[in-house]
Amino acid sequence: MQSVCVRRLWGSAQVTRLLKVTNINRSVRQLQHKKVMEDDKPWALTSELGEEGFVEDLMPIIKQHFQILCYKDFLQNPQLHGPKIQAVLVWGKTHPTDPSTLRSLPSLKVVANGGVGIDHLDVQYINSLGVKVTNTPGVVSDATADMALGLLLASARKIVQGHQISVDPNTTNHKPQSLMGVEVTGSTMGIIGMGHIGCKIAQRGKGFDMKILYHNRTRRSVEEEQAVGATYCEKMDDLLKESDFVVLAVNLSPETTGLISTRELNLMKPTATLVNISRGRVVDQDALVKALQSETILAAALDVTYPEPLPRDHPLLGLPNVLITPHVGTDTLFTNRKMVQRMVENAVAVLKGQSIPNEVKPK
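Residues numbered from 1 in each chain as written. Predicted model: local features only at pLDDT ≥ 70, side-chain atom pairs only at ≥ 80, totals over all residues. Heavy atoms only, no water.

**Here we look at the sheet that holds strand β2 (residues 67-70)**
Item 1. Strand order in the open sheet formed by six strands is β2-β1-β3-β4-β5-β13, and the pairing between neighbours is mixed. Two strands lie at the open edges of the sheet, namely β2 and β13 (359-360), each paired on one side alone.
Item 2. Bridging between strand β1 (residues 43-46) and strand β3 (residues 85-90) involves four bridges; their strand directions are parallel. Bridge assignment links Leu45 to a residue of β3, and that residue is Val88.
Item 3. Running over the sheet, helix α14 (residues 333-351) touches β3, β4 (110-113) and β5 (132-134) and is turned about 165° from β4. (Pairing = 2+ DSSP bridges. Helix = DSSP H or I, 4+ residues; strand = E, 2+ residues; numbered from the N terminus. Contact = heavy atoms within 4.5 Å. Axes fitted to C-alpha atoms, helices over the stretch in contact; angles between N-to-C directions.)

Structure below.
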């Protein structure tokens, strides 16, 4: 009887041991398979992580489809890494798209940009290398339009100044006359650049019962105008003369560089505010400083400048009628996630020879 029990216990131990070995072997095979799958993924050169580039939480979206090499690591040995890079993912302040870098990537197929603006990319040169360029329009529109209205409201109602007074330990007069603001509801907003973002801004202005004027290279359809309650101004001058708030939502191009300068600022009402969420170079900043100092216009609210950031002694930084934010129009986690997903979709489509959702071509 005792020997039977021993045999049973011994057999049970052997089965347990066998199961453990089987599970270990299965785990090893799974890891090996995962490693093979990882090795099969194409390589992507990315902008940096952290303050200068990608938010680290967004990297898993990219890693589902690519093996990643950060630009900083690439620079350690371009000859070794260059031949395997098939995609460049451009994000943030670091742009690994200078000609020398691009020429060192013989397998490169696509430069996928995060955001709409591609003024930092030489599309024609990149295309000449046989490389596609993509961007992410549409996904940034809501966040950017929100920022435009946020800047407009914060400037009109002096929200930042009010906060500073409220938290200042030396405050004695809690509601000084200097906080008297400008009415937004029922005012006139002129939008220069009526693309997807411009239309979203108009929608938000409509919610404030604003009169909406717009100027664009091409007029929108009657249905589109009616949907947002916008009136077309064939001449930008007419918009500038009539608007209480002038919002810039154009792409940067040779035609829009310096679009708003001394002449245009002089056409605006002395009670008007300039809001810029496009690019810093769209505005002649020297002319803007003079217009604000001389009270040619009332105020400016800027999410973009040139350069970014401005030198710490730049006169714009010292003016009380200027509100500046550090180009954060698209900076919400939801929008950033959508942007990265779209970048990956664009890049994968190029590498697989599929229809490209958002290809950018030289004009």
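**Considering unusual backbone geometry**
Item 1. In the segment running from Tyr306 into Pro307, the intervening peptide bond is cis, with an omega of -5°.
Item 2. Among the secondary structure elements, Pro307 is positioned in the loop between β11 (299-302) and β12 (322-324).
Item 3. The step from Glu308 to Pro309 runs through a cis peptide bond, and the omega angle for that step is -5°.
Item 4. Along the chain, Pro309 falls in the loop between β11 and β12.
Item 5. Positive phi is not limited to glycine here, since Lys158 has a value of about 50°.
Item 6. When you line up the elements, Lys158 lands in the loop between α7 (141-156) and α8 (159-167).
Item 7. The class for Lys158 is partly exposed, based on a relative accessible area of 26%.
Item 8. Positive phi outside glycine occurs at Asp209, with the angle close to 55°. (Buried < 20%, exposed > 50% of the residue type's maximum accessible area, 1.4 Å probe, protein only.)

**Things to note about the pattern of salt bridges**
Item 1. Taken as a whole and judged by the stated rule, the model has twelve salt bridges.
Item 2. Between Glu224 and Arg220 there is a salt bridge, with its nearest N and O atoms 3.0 Å apart.
Item 3. Of the residues examined, Glu224 reaches a relative accessible area of 35% and is grouped as partly exposed.
Item 4. Classification of Arg220 as partly exposed rests on a relative accessible area of 23%. (Salt bridge = Lys/Arg side-chain N within 4 Å of Asp/Glu carboxyl O.)

**Observations regarding the packing of α7 against helix α9 (residues 196-207)**
Item 1. Interaxial distance between α7 and α9 falls to 8 Å at its minimum, and their mutual angle equals 50°. Taken together, the axes of α7 and α9 lie oblique to each other. In this structure, α7 meets α9 at a crossing whose hand is right-handed. Residues Ser141, Asp142, Thr144, Ala145, Asp146, Ala148 and Leu149 of α7 touch α9, and the partners they reach there are His196, Ile197, Lys200, Ile201 and Arg204.
Item 2. Taken together, the residues of the contact of α7 with α9 break down into five nonpolar, three polar and four charged. (Parallel < 35°, antiparallel > 145°, perpendicular 65-115°, else oblique. Left-handed = near helix turned anticlockwise from the far one by under 90°. Nonpolar A, V, L, I, M, F, W, Y, C, P; charged D, E, K, R; others polar.)

**Let's talk about the layout of surface pockets**
Leftover empty space is mapped by rolling, across the atoms, a probe with the size of a water molecule.
Item 1. For the second largest pocket, the calculated volume is near 550 Å³.
Item 2. Where the lining of the second largest pocket is concerned, the elements lending two or more residues are α7, α8, β11 and β12.
Item 3. Of the residues belonging to the lining of the second largest pocket, the class tally is 19 nonpolar, six polar and two charged. (1 Å grid on protein atoms, 1.4 Å probe; cavity = no way out; pocket = protein on both sides within 12 Å on 5 of 7 lines; lining within 4 Å. Points joined across faces, edges and corners; volume = space filled by probe spheres on them.)

**Details of the environment of Ser141**
Item 1. By the element assignment, Ser141 lies in helix α7.
Item 2. Once the C-alpha coordinates of Ser141 and His196 are considered, the two residues, 55 residues apart in sequence, prove to be 6.4 Å apart.
Item 3. With residues up to four places along the chain from it excluded, the contact list for Ser141 reads His196, Ile197 and Lys200.
Item 4. Polar side-chain contacts of Ser141 include one of 2.6 Å to the side chain of His196. (Polar contact = N/O pair within 3.5 Å; in protein donor to acceptor, adjacent residues only side chain to side chain.)

**Focus: the nonpolar core**
Item 1. Counting 49 residues, the largest nonpolar core has Phe66, Leu152, Met189, Ile191, Met194 and Ile201 as the members making the most contacts within it.
Item 2. Looking at which element gives the most residues to this core, the answer is α7, with eight residues.
Item 3. Ignoring sequence-local partners within four residues, the contact set of Phe66 consists of Lys41, Pro42, Trp43, Ala44, Ala87, Val344, Ala347, Val348 and Leu351.
Item 4. Val250, Leu288, Val289 and Leu302 belong to the second largest nonpolar core, which has 30 residues in total. (Core = buried A, V, L, I, M, F, W, Y, C linked by side-chain atoms within 4.5 Å.)

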